[in-house]
Structure formats: structure tokens, C-alpha cells
Amino acid sequence: MTDTLSQFSTVFIYVAMGFYAAAFIAFALDLARRGARATADEAAVVPSAVARRAEVAAPVGATTTTTTTTLSASGGQAPQPASAQPSSALGRLSSRISSRVEDDVMNGDVSSTSIRWAFGLTIVGFFFHAVATLLRGIAADRVPWANMWEFSLTGTLVIIGVFLLANLKWDITYLGTFIVGLVLVLQGIALLRYYVPVVPLQPALQSYWLVIHIIVAVLGTAFFALGFALSGLQLLQYRRESQVAQSRPQQFKFLTTLPSAVALENLAYRINIVGFIAWTFTLIAGAIWAEKAWGRYWGWDTKEIWTFIIWVIYAGYIHARATRGWRGSRSAWLAIIGFAAVLFNFGIVNVFFHGLHAYSGLGS
């Protein structure tokens, strides 16, 4: 029975990944639609080459007001001034689009067909993912996060869940490609490298602190993943805004329809604070659990050290941004380095650094 449920769990996670892959494509199509919309807006705002040459050739001191002609009641023509154009084409474009997306973070519109399909597919994938995790737990007769495979199964589920719930408060649909893509990569690696059959818990793991410690750890990781995606987009948006200011061509048109770099940074900061709080409880719960299992709160084990390093990186990120004025690209890079440390802690430390926390299950 245990083997059968475990096999069904694996089948369901493959099904979930199929739906995630389809959702990833739908989210990518939405980004392409955003880019096409930005291009259309630019074409509507930027003047033609003839108009630009006429503006340059206009005599000094002449008004830039263009005239149009309308038929008078007597059949004659009378000139009427048209509204003046802003001086910079890129400035007009940026002003027009930013006025439409200024509140995208708080009051976004997810009415496009591709977004509806993307969310529908993600929710269905999340359902199969949850069933796979539940079946693994039933097969093991315990919580399903005692080794790297089970932690990957649960962790990626929570990342998707936090992303879906966060969209109830903010419109961060534009993160779908990055979050779903990240989950596909992480879960794909787990299927190829970390899968192990169901085994009994090691004595040190047979504690209710396992539940508390891992729950807050996966929650912190999920919020850090959202903050990582937002910080990456912030860097791209900052570069695009610099190109607009310098009247240089832009590479990624879809960025024009996203919130500003400042808005992305502020949202990433708020989300990373939630992740930092969860990670703080991860350290506290881990120390209490260590005292129960090994008779000491802290032993400078490799896993303990790296968990503390991650906490220090995010503490530095929050402190530097709040008190030292570290904003813009510097704060974004700190958040990205922090999430890179999370991935290193999970994928490298668990596999190659052996200690009291060697619970990957790969050697069993």
C-alpha cells in the first residue's frame, strides 16, 4: 500500500508539472501581449519622420502649434490650433503608459484571456501538486518533509500557494512566468536528483518541532522567492527607465506596462520582510529543536551556519534599506544574493556538506 500511494504521488506531481508548463506558456504569452500593447502605444504617440523633420525645419521663434482647417459656414477655411505635443517622444510615451499602470501593484486588471488561462492552469496544477504531497504524507504516515525530495515537493507547493494568495492583495500576475518557471526548474531537478522511496523518520526528526521548523522555513523560502522575482524585474525596469531618460532604445517592451522600479522595489521590500520574519522563527524553532534532540541550542553545524548567513544577509538588506538609504539596484542585488544563499543552502549544503543535519536521504 505504501509503495502504491508513493507511485500515485509521483504520477500526480508529473501531472501537476504538465499543467504548470502550460501555465508558464500562458503567462509568457501575456508578457508578449504586454509588449505588443506597449509597441502599439509607442506607435500611436511617437510622431512620424515627416512630422519630426517639419518640427526641426520650423523657423526659430515660430510656434510649434500646428493648424488644421475646417470648413466655415460660408465655405471658406479657417485655421484652428491643435493641442501642443510634449517635447520628447519617449517622454510622451512614458507619461501616457505610466498613467495607466501607476497603480498596477494595488489595482491591476487580469482580464486578458491568456491571464485567465494561466491562472486556471496554475490552480489546477496546484491542486494535483497538493494531492501528490498529501499522498506522499499518507504513504509515509507522517508529514511529508523528512528529506530533500519531500521538502522540494512541499516547498514548491507553498511557493505556488503564496503566489496565488498574494494576487488576492496585489496584482503581481506579471510574476507568473518567473515563479511558475522557477517551480518547474526546482521540481524538475528534484525529480531527477532527489527522489527517494518512503523511509521511516530518523530518531532526531521524530518531534513536533519538525512540523513547526519546516513550516516556517518553507513559508520564508516562498516569500523570498517572490521577493527575488520582484527584485530581478526591478533591475530590468531600472535599466529601462534609464534608457528612456537617455532617449535610448528599449529591449523589453513588456516592462513598459509593469509598475515602476520604485514600486517594484517597495513591494519586494514588504514581501522580503515577511520572509525574514518567517526565517527568524526558523532559526528560533531550529535552536529549540536542536536542544531537544542533541542537548544544545547551537553547535556551529554547517546547516546551522548557512541558515544564520541567510538571516544575516536579509537582516542587512532590511537594515541598509531602512537606515542607510540603500535603494535602487543595490538593495535589489542584496535580495537576489539572499535568495541565492537559500538555494545554495538547500541544493549544495544538504548534498555536499555532511553534519548533524544530513537528512537529504540520498545516501540511504
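Residues numbered from 1 in each chain as written. Predicted model: local features only at pLDDT ≥ 70, side-chain atom pairs only at ≥ 80, totals over all residues. Heavy atoms only, no water.

Visitor: Which parts of the structure should I look at to understand the overall build of the protein?
Guide: Broken down by element type, the protein carries 11 helices and 2 strands. Moving toward the C terminus, one meets the helices and strands of the protein in the order α-α-β-β-α-α-α-α-α-α-α-α-α. In the protein, buried positions account for 46% of the 364 residues. Once local pairs closer than 6 in sequence are excluded, the contacts in the protein between residues at least 24 apart make up 80%. For the protein, the accessible surface area stands at approximately 18300 Å², while carbon and sulfur atoms represent 67% of it. (Helix = DSSP H or I, 4+ residues; strand = E, 2+ residues; numbered from the N terminus. Buried < 20%, exposed > 50% of the residue type's maximum accessible area, 1.4 Å probe, protein only. Contact = heavy atoms within 4.5 Å. Areas by Shrake-Rupley, 256 points an atom, 1.4 Å probe, with all protein chains shown as cover.)

Visitor: Sorry if this is basic, but what is going on with the packing of aromatic side chains here?
Guide: Here the distance between the centres and the angle between the planes together describe a pair of aromatic rings. Taken as a whole and assessed by the stated rule, the structure comprises 19 aromatic pairs. Arranged with centres 5.7 Å apart and planes meeting at 25°, the rings of Phe12 and Phe128 form a pair that is stacked. Here Phe12, found in helix α1 (residues 2–45), pairs with Phe128, found in helix α5 (residues 113–140); they are 116 residues apart in sequence, far enough to count as distant. Between Phe119 and Phe163, the aromatic rings sit 6.0 Å apart at their centres with planes inclined by 20°, giving stacked as the arrangement. Of this pair, Phe119 sits in helix α5 while Phe163 sits in helix α6 (residues 148–169); the two residues are 44 residues apart in sequence, bridging distant segments of the chain. Each member of the pair, Phe119 as well as Phe163, carries the same accessibility label: buried. (Phe/Tyr/Trp six-rings, centres within 6.5 Å; stacked < 30°, edge-to-face > 60°.)

Visitor: How do you make sense of the environment of Val158 when you look at a structure like this?
Guide: One can find Val158 in helix α6. Taking C-alpha positions, Val158 is 10.0 Å from His129, a pair spaced 29 residues apart along the chain. Contacts of Val158, omitting those with residues within four sequence positions, involve Val218, Leu219 and Ala222.

Visitor: Looking at this model, I keep getting lost on the packing of helix α7 (residues 176–194) against helix α11 (residues 329–352). Mind explaining?
Guide: When two helices pack together, their arrangement is captured by the angle between the axes and the distance separating the axes. Two elements in contact, α7 and α11, have axes whose closest approach is 13 Å; the angle formed by their N-to-C orientations is 5°. In terms of axis orientation, α7 runs roughly parallel to α11. Contacts between α7 and α11 pair Leu182, Leu186 and Tyr194 from the former with Phe339, Leu343, Phe346, Gly347 and Val351 from the latter. Per-class residue counts for the contact of α7 with α11 are 7 nonpolar, 1 polar and no charged. (Axes fitted to C-alpha atoms, helices over the stretch in contact; angles between N-to-C directions. Parallel < 35°, antiparallel > 145°, perpendicular 65-115°, else oblique. Nonpolar A, V, L, I, M, F, W, Y, C, P; charged D, E, K, R; others polar.)

Visitor: What is the right way to read helix α9 (residues 261–294) from this model?
Guide: Every α-helix carries 3.6 residues per turn, so stepping three or four residues along brings you back to the same face. Along its 34 residues, α9 runs 47 Å from first to last C-alpha, staying within 8% of the 50 Å computed at 1.5 Å per residue. Positioned one or two residues after α9, Gly295 has a phi angle of 80°, which is positive. (Expected span 1.5 Å × (residues − 1).)

Visitor: Hey, could you run me through the nonpolar core in this one?
Guide: The nonpolar side chains of a soluble globular protein tend to be buried with one another. Ranked by internal contacts, the top residues of the largest apolar core, which has 75 residues, are Phe163, Tyr174 and Leu175. Elements with a minimum of two residues in this core: α1, α5, α6, α7, α8 (208–245), α9, α10 (302–323) and α11. (Core = buried A, V, L, I, M, F, W, Y, C linked by side-chain atoms within 4.5 Å.)

Visitor: Sorry, what's going on with the side chain of Thr307 here?
Guide: Relative to the helices and strands, Thr307 is located in helix α10. Not counting chain neighbours up to four residues away, the residues in contact with Thr307 comprise Trp279, Leu283 and Asn345.

Visitor: I would appreciate a short explanation of a nonpolar patch on the surface in the present structure.
Guide: A contiguous nonpolar surface patch, about 550 Å² in accessible area, is contributed by Tyr297, Trp298, Trp300, Phe308 and Val312. With respect to the helices and strands, Tyr297 occurs in the loop between α9 and α10. Judged by relative accessible area, which is 52%, Tyr297 ranks as exposed. (Patch = residues over 30% accessible without salt bridge, like charges linked within 9 Å, V, L, I, M, F, W, Y side chains within 5 Å. Salt bridge = Lys/Arg side-chain N within 4 Å of Asp/Glu carboxyl O.)

Visitor: Explain the packing of α10 against α11 to me, please; I cannot follow it from the model alone.
Guide: In contact at an axis separation of 9 Å, α10 and α11 are set at 170° when each is read in the N-to-C sense. With respect to their mutual orientation, α10 and α11 come out roughly antiparallel.

Visitor: How do you make sense of the pattern of salt bridges when you look at a structure like this?
Guide: When charged atoms on two side chains of opposite charge get close, those side chains can pair. Applying the stated criterion across every chain, the model contains 5 salt bridges. Across the salt bridge formed by Arg142 and Glu150, the nearest N and O atoms sit 2.7 Å from each other. Each member of the pair Arg142 and Glu150 is classed as buried. Among the ionic pairs, Arg321 bridges to Glu265, the shortest N-O distance being 3.3 Å. With Arg321 in helix α10 and Glu265 in helix α9, this residue pair connects regions lying 56 residues apart in the sequence. With a relative accessible area of 4%, Arg321 lands in the buried category. One continuous salt-bridge network, built from bridges that share partners, spans Arg136, Arg142 and Glu150.

Visitor: I'm lost on unusual backbone geometry in this one. Help?
Guide: With the exception of glycine, most residues fall at negative phi, and the peptide bonds are largely trans. Here the phi dihedral of Asp141 falls at roughly 60°; this positive angle occurs in a residue that is not glycine. Examined against the element boundaries, Asp141 turns out to sit in the loop between α5 and α6.

Visitor: Which parts of the structure should I look at to understand the confidence of the model for the protein?
Guide: Detailed reading of the predicted model is not advised wherever pLDDT is low. Averaged over all residues, the pLDDT of the protein is 79; the fraction at 70 or higher stands at 76%. With pLDDT under 50 throughout, residues 97–111 is counted as low confidence; its partners more than four residues away or in other chains account for 33 contacts. (pLDDT = per-residue confidence, 0-100.)

Visitor: Would you take a moment to explain the environment of Leu219 for this structure?
Guide: Relative to the assigned elements, Leu219 resides in helix α8. For the pair Leu219 and Gly155, spaced 64 residues apart in sequence, the C-alpha to C-alpha distance is 7.9 Å. In this structure Leu219 touches Val158, Val162 and Ala278, once residues within four positions along its chain are discounted.

Visitor: What is the right way to look at α5 in this model?
Guide: In this model α5 runs 41 Å from its N-terminal to its C-terminal C-alpha over 28 residues, within 8% of the 40 Å that 1.5 Å per residue would give. Looking one or two residues beyond α5, the residue adopting positive phi is Asp141, at roughly 60°.

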